[in-house]
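If you want the building blocks of each chain, they are given just below.
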Amino acid sequence: MEIPFHRSYTLQDDIDQVVDTLKSGWLTMGPKTMDFENRFADDVKAPFAVSCSSGTAAMHLALKAINLQDGDEVIIPDMTFTATGEVVRYFNAMPVLADINQDTFNIDVNNIEKHITKKTKAIIPVHMAGQPCDMDELMAIAAKNNLKIIEDAAHCFPSFYKSRPIGSIGDITAFSFYATKTIACGEGGMAATENEEYAKTMKMLRLHGISKDAWKRYSNEGSWFYEVVEAGYKYNMTDIQAALGLAQLNKAYDVWEKRKNIADKYNAAFAKSEFIETPFVKEDRKTSWHLYIIKLNVEKLFISRNEFIEQLKKMGVSTSVHFIPLHYHPYYKNNIPHKVDDLKNSEWVFERNISLPIFPGMTDAEIEYVYSGVLNICQQNAQ
Ligand SMILES: *Cc1c(COP(=O)(O)O)cnc(C)c1O
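Residues numbered from 1 in each chain as written. Predicted model: local features only at pLDDT ≥ 70, side-chain atom pairs only at ≥ 80, totals over all residues. Heavy atoms only, no water.

Engineer: Explain helix α7 (residues 239-250) residue by residue, including any values.
Structural biologist: For α7, with twelve residues, the first-to-last C-alpha span of 16 Å sits near the 16 Å given by 1.5 Å per residue. Along α7, ten of the twelve residues are buried, which leaves the element largely enclosed by surrounding structure. The set of residues buried in α7 consists of Asp239, Gln241, Ala242, Ala243, Leu244, Gly245, Leu246, Ala247, Gln248 and Leu249. Considering only its buried residues, α7 is in contact with α1 (12-24), α2 (31-43) and α8 (252-270). (Helix = DSSP H or I, 4+ residues; strand = E, 2+ residues; numbered from the N terminus. Expected span 1.5 Å × (residues − 1). Buried < 20%, exposed > 50% of the residue type's maximum accessible area, 1.4 Å probe, protein only. Contact = heavy atoms within 4.5 Å.)

Structure representation (structure tokens):
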């Protein structure tokens, strides 16, 4: 059997929505994009949602909105995708790498305050695999030290913290609709906020720094006149992407059930294994199950995590690793000051984590093939 790490979940309604757009005479940002923004804002209980071309663009716009400056510092977890750090560098500001919790892989809230200096402007918590970070603690640290919270929620729709949807808590929350994410538009992102000024700034900057609803100038409602008030960006979403987004949003909760069902089956299969630790989800929150990350008990195995992945690959099972700690990458190693001793949990987790396939179209036979394979490799390599 060949099992990919991800297979996109595109149904007839996704195709119909996109075809409808293609036939409509309007391809770029327009009515479907506005519709998608409004529906998404409702879902995450945010007064404002600003769509854009990617999750990375959403984070960039968020940092523009809070007026991040050259020389400022932003605390981010060491275990994340480079997008979280690169957006800080766009400003010539400095990402400060903080350690994670070994159980949740989220930023360790007990290890943040030691990194706060006079230059610290914001924290970007990353909700790893879809599990919300400790938001009460983060919001308290931010309030006490006058910092902004910009959430990297690329993995995190739909997810809930103490019954509150992610998107309704921090100053700005950035979502991703990249092909493999829980809502997939191919590419796309959204910045949710309750701050109207932030929303206005992000809307203006995502389309060349043109003031106010510029897309309307091409429609019957608009006029030819517009004003450029900033050197902005070409970061808008298109109606083709939004059409897919609308269809995906319609089935987001069904898809969540499917992911949860896969996670439940993996959890049951691995429950008694001394070689595998299943994902730890705190009781007061709900994960999107974007990723299913196991930790190998490498001390009890003759093989390393990398060899384990190779053996799965030989069986036809593709996996991934989320993430390589930022400080292992040449760019961060050489350009971003950090103390390796401060990042021990991140290194510890990296030695043992594997992301197993968890995509909505997975069949029961595929799920069973994956967990049986994992358990067999454990048995064959037990110390
Ligand atoms: C996917 C991802 C992003 C970037 O999202 P894009 O839409 O691809 O720009 C940012 N942060 C994390 C943690 C991600 O996994």
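From this point on, the discussion continues.
Engineer: Could you give me a rundown of the layout of surface pockets, with the residues and numbers involved?
Structural biologist: By volume, the largest pocket is sized at about 550 Å³. As for the largest pocket, its lining consists of 31 residues, of which Phe81, His155, Tyr178, Thr180 and Lys181 are closest to the centre. Looking at the lining of the largest pocket, the elements with two or more residues in it are α3 (55-65), α4 (82-89) and β8 (172-176). Ranked by residues supplied to the lining of the largest pocket, first place goes to α3 with three residues. Grouping the amino acids of the lining of the largest pocket by side-chain chemistry returns 14 nonpolar, 13 polar and four charged. (1 Å grid on protein atoms, 1.4 Å probe; cavity = no way out; pocket = protein on both sides within 12 Å on 5 of 7 lines; lining within 4 Å. Points joined across faces, edges and corners; volume = space filled by probe spheres on them. Nonpolar A, V, L, I, M, F, W, Y, C, P; charged D, E, K, R; others polar.)

Engineer: Go over the site of the ligand, please, and point to the residues and values.
Structural biologist: Gly55, Thr56, His155, Ser176 and Lys181 are the nearest of the 16 residues found near the ligand. At a separation of 2.7 Å, an oxygen atom of the ligand approaches a polar side-chain atom of His155. Between Ser176 and the ligand, the recorded distance is 2.7 Å, taken from a side-chain N or O atom to an oxygen atom. When the ligand sits alone it has 380 Å² of accessible area, and the protein chains cover 91% of it. Structurally, the ligand is housed in the largest pocket. Among the elements that take part in the shell around the ligand, α3 stands out by supplying three residues, more than any other. When the residues that make up the shell around the ligand are grouped by side-chain class, the tally is seven nonpolar, seven polar and two charged. (Near = heavy atom within 4 Å. Polar contact = N/O pair within 3.5 Å; in protein donor to acceptor, adjacent residues only side chain to side chain. Areas by Shrake-Rupley, 256 points an atom, 1.4 Å probe, with all protein chains shown as cover. Sits in = over half its atoms within 2 Å of the grid points.)

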